[in-house]
Amino acid sequence: MNINNSITNNEESKEPFFGYTLSIISGKWKLLIIYHLSQNGAVRYNELQRMLGKITYKTLSTTLKEMQNDGLIHREEYPQIPPKVEYSLTEKGQTLWPLIQEMCQWGEQYKED
């Protein structure tokens, strides 16, 4: 058995998982949304939009739908007037929090002043 081929095959077998992970967290806003929901728990739409800053209604709406379809966030609708909707992380979404913490630590360590 050639060790180089074994290592290459092992790396290639991980590549689809890496690609999947990137597809789940890619985009300008997803990691920020996960960050804010991790820090604040359930958050209403307008509140989340204020936390994120310069994000359009359409972009936030589209991103939240993608994240909901990926199983990262839960959308809770309350039957009242005016309508109330809250977003929170699912168990699957919460598992990304340690990755984000590591990224924050890396940025803190290597950010040039």
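See the structure printed just above.
Since this is a predicted model, take the numbers as computed values, not measurements.

Some remarks on the environment of isoleucine 34
Part 1: Within the element layout of this structure, isoleucine 34 appears in helix α2 (residues 30-40).
Part 2: Once the C-alpha coordinates of isoleucine 34 and isoleucine 73 are considered, the two residues, 39 residues apart in sequence, prove to be 8.4 Å apart.
Part 3: Not counting residues within four places of it along the chain, the set of residues in contact with isoleucine 34 comprises Met67, Leu72, Leu89, Gly93, Leu96 and Ile100.

Comments concerning the nonpolar core
Part 1: Ranked by size, the top nonpolar core spans 22 residues in total, and within it Ile33, Leu60, Leu64 and Ile73 carry the most contacts.
Part 2: Counting residues per element, the ones that place at least two in this core are α1 (3-25), α2, α3 (45-52), α4 (57-69), β3 (84-89) and α6 (97-110).
Part 3: In contact with isoleucine 73, not counting residues within four places along its chain, are Leu37, Leu64, Met67, Gln68, Tyr87, Ser88, Leu89 and Thr90.

Some thoughts on α2
Part 1: Looking at α2, one finds that the buried residues are Lys30, Ile33, Ile34, His36 and Leu37. End-on, the buried residues of α2 take up no more than an arc of 165°, which puts them together on one face.
Part 2: A positive phi of about 70° marks glycine 41, the residue just after α2.

Focus: the pattern of salt bridges
Part 1: Here the structure, examined in full by the defined rule, presents three salt bridges.
Part 2: Note that glutamate 86 and lysine 84 form a salt bridge whose closest N and O atoms lie 3.7 Å from each other.

Quick word on the packing of aromatic side chains
Think of a pair of aromatic rings as described by two things: how far the centres are apart, and how the planes are tilted against each other in angle.
Part 1: Using the criterion set out here, one finds four aromatic pairs in the structure.
Part 2: Judged by centre distance (5.7 Å) and plane angle (50°), the ring pair of tyrosine 35 and tryptophan 97 falls under tilted. Within this pair, whereas tyrosine 35 is found in helix α2, its partner tryptophan 97 is found in helix α6, the two being separated by 62 residues in sequence.
Part 3: Summarising the aromatic geometry, the rings of tyrosine 45 and tyrosine 87 are spaced 6.5 Å apart at their centres and angled 55° between planes, so their arrangement reads as tilted. Of this pair, tyrosine 45 sits in helix α3 while tyrosine 87 sits in strand β3, and the two are 42 residues apart along the sequence. One exposure class covers both tyrosine 45 and tyrosine 87, and it is buried.
Part 4: Joined through ring pairs, the aromatic side chains of Tyr45, Tyr57 and Tyr87 make up one cluster.

Structural notes on the pairing of β3
Part 1: Most of β3 is tucked away: five of the six residues are buried.
Part 2: Bridge count between strand β1 (residues 43-44) and β3: two bridges; the pairing is antiparallel. Across the sheet, residue arginine 44 finds its bridge partner in β3, namely glutamate 86.
Part 3: The sheet contact formed by strand β2 (residues 73-78) and β3 spans six bridges and is antiparallel. Looking at the pairing, tyrosine 78 lines up with lysine 84 of β3.
Part 4: Joining the antiparallel neighbours β2 and β3 is a turn of five residues.

Analysis parameters
Residue numbers here run from 1 along each chain, matching the order of that chain's written sequence. The predicted origin of the model limits local features to residues at a pLDDT of at least 70 and limits the giving and counting of side-chain atom pairs to 80 or more, whereas totals for whole chains, interfaces and linings rest on all residues. As a rule here, side-chain values come from all non-hydrogen atoms in the structure, and water together with hydrogens is ignored. Numbering of helices and strands runs from the N terminus, with a helix taken as a DSSP run of H or I at least four residues long and a strand as a DSSP run of E at least two residues long. The criterion used for residue contact is that any of the two residues' heavy atoms lie within 4.5 Å. The set of buried Ala, Val, Leu, Ile, Met, Phe, Trp, Tyr and Cys residues whose side-chain atoms join them within 4.5 Å is what this entry labels a nonpolar core. Burial here depends on accessible area, computed with a 1.4 Å probe over protein chains only, as a share of the maximum for the residue type. Under 20% is buried, over 50% is exposed, and the range in between is partly exposed. Working note: the arc is built from the helix axis to C-beta atom directions. Salt bridges are identified by distance alone: a Lys or Arg side-chain nitrogen within 4 Å of an Asp or Glu carboxyl oxygen. Only Phe, Tyr and Trp rings are paired, with Trp represented by its six-membered ring, and only when their centres lie within 6.5 Å; those with planes under 30 degrees apart are stacked, over 60 edge-to-face, the remainder tilted. In this analysis, strands are considered paired if DSSP registers two or more bridges between them.

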